[in-house]
Amino acid sequence: MTGTGIRIEGLRKRYGKGDTAVDALKQVDMAVAPGEVVGLIGPSGSGKSTLLKCLGAVIEPSGGRMVLGDQVIYDNGWRIRDLRDLRRDKIGFVFQAPYLIPFLDVLDNVALLPMLAGVKNREARTRARALLDALDVGHRVAAMPRQLSGGEQQRVAIARGLINCPPVILADEPTAPLDSERAMAVIRILNDMAKSQNTAIIVVTHDEKIIPTFKRLYHIRDGVTHEELGAGRFP
Amino acid sequence: MISLAGRDILHSWGKFVFTGVGLGLLIGVTLTMAGVYRGMVADARALLDNSGADLWVVQQDTLGPYAESSSIHDDSYRSLLTLPGVAGAANVTYLTMQVGRGESDVRVMVVGLANGDPSTPGWPPYLIAGRHITRGHYEAVADVSSGFALGERITIRRHQYTVVGLTRRMVSSSGDPMVFIPLKDAQQAQFLKDNDAIWQNRRRTLANPALNPPGAPRLAEAVLASQTTNMSVNAVLVTLARGHDPSTVAGDIRRWKRLAAYTREQMEGILIGKLIASSARQIAMFLVILAAVSAAIVAFIIYTLTLDKIREIAVLKLIGTRNRTIATMILQQALALGLTGFVVGKITATFAAPLFPKYVLLIPMDTLRAVVAVAAICVLASVSAIRMALKVDPAEAIGG
């Protein structure tokens, strides 16, 4: 691994206090380089979603350290003042369901993020259009989300996650609602985008079909991560 | 930055428009109710303006002639004319009654006019058709809202009158159209009893030894004559000479003539502050209820629309949208809904107002107030939806 995409050291998360306290994350250590796609797998209740929420700066960990690029964002406490700005500018999200904004067309669904960051509408749309072209949904820019197929919606969601060129993308079971062919296409896109945009991508998944595609995997079990090498091959 | 509220409205415009129309009808009712009150006030002012009087002289200790009954001698005006500052004085009677029109009847206020010309207090100041009353009996000038036509024969008590002139905006404080007839006819209509009652009265008088004592036959005749002569009017309308203070002259009348006298301001206070006060309170209650219902509807709709977007709001928050942006979106939607409702309501009220039987006056100030009230209601109504949206946890967008 070269450079720093995201590095997590000894991350912990405890819910509740005293006798009722639950340690959802006990010892999480991860490192994902820019341009790398890693898988995060584990059984239900193992702490995947909690980890994703911590990485996404949605909930506060109980301890540990997180470094994003060259910036320490958490070190036994947030080191960033505005977590919203962090989420908007430094972290891309791709969800299990695309969760596109139903009242915005495809172009504005993607362009919304840079607009929120203060980029002018025209420029934001130009960037969004280029990204959608790269993801092969450029012909659907004027469509509303409900008019898209599942695969198209997921590609638009990926474009939304990538539009602000974040150093890290968190993908929460992005292939769950897709058939094998489309799921594989999404993983290919994520790999391509990771390389072309030099982005570190963490894919949380249960999907047996796509697990062999990761070169590195993190297993999480009882709140503890274990790194292992994957096959890194596409069918 | 694109307008999230605008896009959402365009996306679900059907729901939005139908809600806006429903709200608009409610706002239309509210505006019309306000217009009804304004119409009542305008009618009261028109009644005073059109009487042409500076002072209203009525029976002592009464609030006549509009708010209470009043009866004074019809020669009182002569003594009033002798007072300093009094330029003119004319008797007048007012009687609200059903006036026959063929097989049906119409509720009107019959006004008895003293002999004179259109400059005489009490006379309608202008006509829109026909002429003024020129004969001593059985001619009438009617307000056009009565529905009477020129040349039409109408029945007041047992006499028939010909409508010779039509006027406009001459209504009582309760909105009944006025019909002007000669004073003598009006006195008869108001005070003269029917033939049977007169006959009964005469029989009782003649049978009463105190009123018909043996050896004094002319006493009974005098008593009978006084019983069937109408020497009362409801009020005397007084005009003042230039430079005289109405309050001073009214004070002189109260002091020297033992009558009640009201200035224009006092009479307006009686009409608006007492006569239509309860109606105004009634309307105010309706306005409060309608405002509350409107607020509830806007709040419910905005809350529901927001509830439908919980997941999208969570996603928006997760990707870094500020609370201010989300709150603005909800607030803008509420205001847009209110604006739609207001436009529909204003159009509805404007077209519906002339259809009401009584005068409905829609004034620009009320429209402005309504805009402000609707905006305030929408802001208040959006509070619960905004609070709910701000409480949405961005973590809801992430599974698990």
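This text goes with the structure placed above it.
What this report covers is the structure whose coordinates are included nearby.

Definitions and cut-offs
- Residues numbered from 1 in each chain as written.
- Chains lettered and ligands numbered in written order.
- Predicted model: local features only at pLDDT ≥ 70, side-chain atom pairs only at ≥ 80, totals over all residues.
- Helix = DSSP H or I, 4+ residues; strand = E, 2+ residues; numbered from the N terminus.
- Buried ≥ 20, exposed ≤ 12 C-beta atoms within 10 Å, placed from the backbone.
- Contact = placed C-beta atoms within 7 Å.
- Pairing = 2+ DSSP bridges.
- Axes fitted to C-alpha atoms, helices over the stretch in contact; angles between N-to-C directions.
- Left-handed = near helix turned anticlockwise from the far one by under 90°.
- Nonpolar A, V, L, I, M, F, W, Y, C, P; charged D, E, K, R; others polar.
- Parallel < 35°, antiparallel > 145°, perpendicular 65-115°, else oblique.
- Core = buried A, V, L, I, M, F, W, Y, C linked by C-beta atoms within 7 Å.

## Description of the overall build of chain B
When you go through chain B residue by residue, the secondary structure sums to 12 helices and 12 strands. Taking the principal axes of the C-alpha coordinates as reference, chain B spans close to 120 × 50 × 45 Å. Counting across all 400 residues of chain B, residues that qualify as buried make up 40%. A separation threshold of at least 6 residues defines the contact pool for chain B, and within that pool the share at least 24 residues apart is 77%.

## Brief notes about the pairing of strand E1 (residues 55-58) of chain B
All names here are of chain B. Side chains of E1 alternate between two faces, with Leu 55 and Val 57 and Trp 56 and Val 58 buried alike. As paired strands, E1 and strand E12 (residues 260-263) are joined by four bridges and run antiparallel to one another. In the strand pairing of E12, Val 58 is matched with Ala 260. As paired strands, E1 and strand E11 (residues 235-240) are joined by three bridges and run antiparallel to one another. Paired with Val 57 across the bridge in E11 is Val 236.

## Observations concerning the packing of helix H2 (residues 13-51) of chain B against helix H8 (residues 264-275) of chain B
All names here are of chain B. Closest axis-to-axis distance for the H2/H8 pair is 10 Å, and the angle between their directions is 145 degrees. Of the two elements, H2 crosses H8, and the hand of that crossing is right-handed. Taking contact as the criterion, the partners of Val 41, Ala 44, Arg 45 and Leu 48 in H2 are, on H8, Arg 264, Met 267, Glu 268, Leu 271 and Ile 272. Of the residues assigned to the contact of H2 with H8, the class counts are six nonpolar, no polar and three charged.

## Quick notes on the packing of helix H9 (residues 277-307) of chain B against helix H11 (residues 323-352) of chain B
Residue and element names in this part refer to chain B. One way to put it is that H9 packs onto H11 with a least axis distance of 10 Å and a crossing angle of 140 degrees. Overall, the two elements H9 and H11 adopt an arrangement that is oblique. Pair H9 / H11 crosses with right-handed handedness. Contact residues: H9 offers Val 298, Ile 301, Ile 302, Leu 305 and Thr 306, while H11 offers Ile 330, Gln 333, Ala 334, Leu 337 and Gly 338. When the residues that make up the contact of H9 with H11 are grouped by side-chain class, the tally is seven nonpolar, three polar and no charged.

## Section: the nonpolar core
Counting 174 residues, the largest nonpolar core has Leu 190 of chain A together with Val 57 and Val 236 of chain B as the members making the most contacts within it. A total of 11 residues in this core trace back to one element, the largest contributor, which is H2 of chain B. For Val 236 of chain B, the residues in contact, after removing those within four places along its chain, are Val 57, Ile 72, Ser 76, Tyr 77, Leu 80, Ala 89, Ala 90 and Asn 91 of chain B.

## Digging into the interface of chain B and chain A
In this complex, chain B contributes 19 residues to the contact, which on the side of chain A involves 26 residues. Of all the secondary-structure elements, those providing two or more residues to the side of chain B that touches chain A are helix H1 (4-11) and helix H10 (310-318) of chain B. Looking at the side of chain B that touches chain A, the element that brings in the most residues is H10 of chain B, giving four residues. Residue classes in the side of chain B that touches chain A are distributed as nine nonpolar, five polar and five charged.

Function cannot be inferred from these measures alone, as they are strictly geometric.
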